[in-house]
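# Fold and geometry: a report
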Amino acid sequence: MLDGLCARFPQIARERWLDRFARGLVQDANGVALDVAALYRVGMEVRYFREVPDEPCIPFDAQIVFADANLVVADKPHFLPVMPAGRFVRETLLARLQAQLGNADLVPLHRIDRETAGLVLFSANANTRSIYQALFQQRAIEKRYEAIAPPLPALPMPHLRSSHLRAGEPFFRMCEAQAAPNARTRIDVIERGAHAWRYALQPITGRKHQLRVHMAALGAPIANDSLYPQLRPRAVEDLGQPLQLLAKALRFSDPIDGTVRWFESRQVLSLA
């Protein structure tokens, strides 16, 4: 097993794998720690826990809005990733909820950007997970967002933005292209301030960075957006300047009992 892991992940030193085995961080499919001398068997599932040296601390807490045997709804703060990726492993919404609730079976049913705050729906039960996953595949879940952005006085509201989104440059950005629309967003105004408006955004489709690209393309980029319309790299992330985008509400009919579920974030974006 040790030789196989070293061959599969050559960027990780053998000494680090030995340390992970010693701390019980290499496990079988049942969560039982494997011995460093264990032999690999064909078809065997091996789990290990990735670690990131000097992982940044996110000093904001998520709130649990709802929890039952099947679902958990969390209200995520800005800057906290939903899933482990890149330089974040422990400082993720998933890891925090698993530790808080003692449920290793938690799986996010959808994701929002690390910079975006608001509601994230989790499956808490592997036996019913596919039922709720189907809601997203069928677009049977209504999502509502709020954003703070510059005024668009010349654009009639509500407005439907339709365009074709594809991967841009660098690879983590999206851009609009001349092709059949594959992304649609309903846009309306909730509140008009002197220098900024509060917008209601309803994604009809779920493309990566869809809301951010559509607002920037209309000439009203979401406040504090470092990716759109231009990439604005920051040497140090400013936790006091969060992207002003909030996943405000989720609404759907529960496929198990037919109950209409309506969840709303307690967070509020300020026009100031």
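An account of the accompanying structure is given in this report.

About the criteria used
- Residues numbered from 1 in each chain as written.
- Predicted model: local features only at pLDDT ≥ 70, side-chain atom pairs only at ≥ 80, totals over all residues.
- Heavy atoms only, no water.
- Helix = DSSP H or I, 4+ residues; strand = E, 2+ residues; numbered from the N terminus.
- Contact = heavy atoms within 4.5 Å.
- Buried < 20%, exposed > 50% of the residue type's maximum accessible area, 1.4 Å probe, protein only.
- Arc of directions from axis to C-beta.
- Phe/Tyr/Trp six-rings, centres within 6.5 Å; stacked < 30°, edge-to-face > 60°.
- Lys NZ or Arg CZ within 6 Å of the ring centre and 35° of its normal.

### Description of the environment of Val89
Tracing the backbone shows Val89 in the loop between β4 (71-76) and α3 (93-101). Excluding residues that lie within four positions of it along the chain, Val89 makes contacts with Arg50, Val52, Glu55, Pro84 and Ala95.

### A short note on unusual backbone geometry
Of note, the bond from Glu169 into Pro170 is cis; its omega dihedral lies within 30 degrees of zero at -10°. Within the fold, Pro170 resides in the loop between β8 (159-167) and β9 (174-177). Residue His209 is not a glycine yet carries a positive backbone phi of 55°. Examined against the element boundaries, His209 turns out to sit in the loop between β11 (197-203) and α5 (210-217). What makes His209 buried here is its relative accessible area of 10%.

### What to know about helix α2 (residues 14-22)
The set of residues buried in α2 consists of Trp17, Arg20 and Phe21. Viewed end-on, α2 has its buried residues packed into an arc of 100°, placing them on one side of the element. When the buried face of α2 is taken as reference, the exposed residues oriented beyond 90 degrees from it are Glu15 and Ala22. On the buried face of α2, the contacting elements are α1 (2-8), β1 (26-28) and β2 (46-48). Two residues or fewer after α2 comes Gly24, characterised by a positive phi angle close to 75°.

### Side note on the packing of aromatic side chains
Applying the stated criterion across every chain yields a total of eight aromatic pairs. Summarising the aromatic geometry, the rings of Trp17 and Tyr48 are spaced 5.1 Å apart at their centres and angled 70° between planes, so their arrangement reads as edge-to-face. Taken together, the positions of Trp17 in helix α2 and Tyr48 in strand β2 put the pair 31 residues apart, joining distant regions of the chain. For the ring pair Phe171 and Phe172, a centre distance of 5.3 Å and an interplane angle of 80° mean the geometry is edge-to-face. Judged by relative accessible area, Phe172 falls into the partly exposed class, the value being 31%. Here the aromatic cluster, defined as three or more aromatic residues joined through ring pairs, consists of Phe9, Trp17 and Tyr48. If you follow Arg20 out to its NZ or CZ, it ends over the ring of Trp17, 4.9 Å from the centre. Lying across the ring of Trp197, Arg192 places its NZ or CZ 4.6 Å from the centre.

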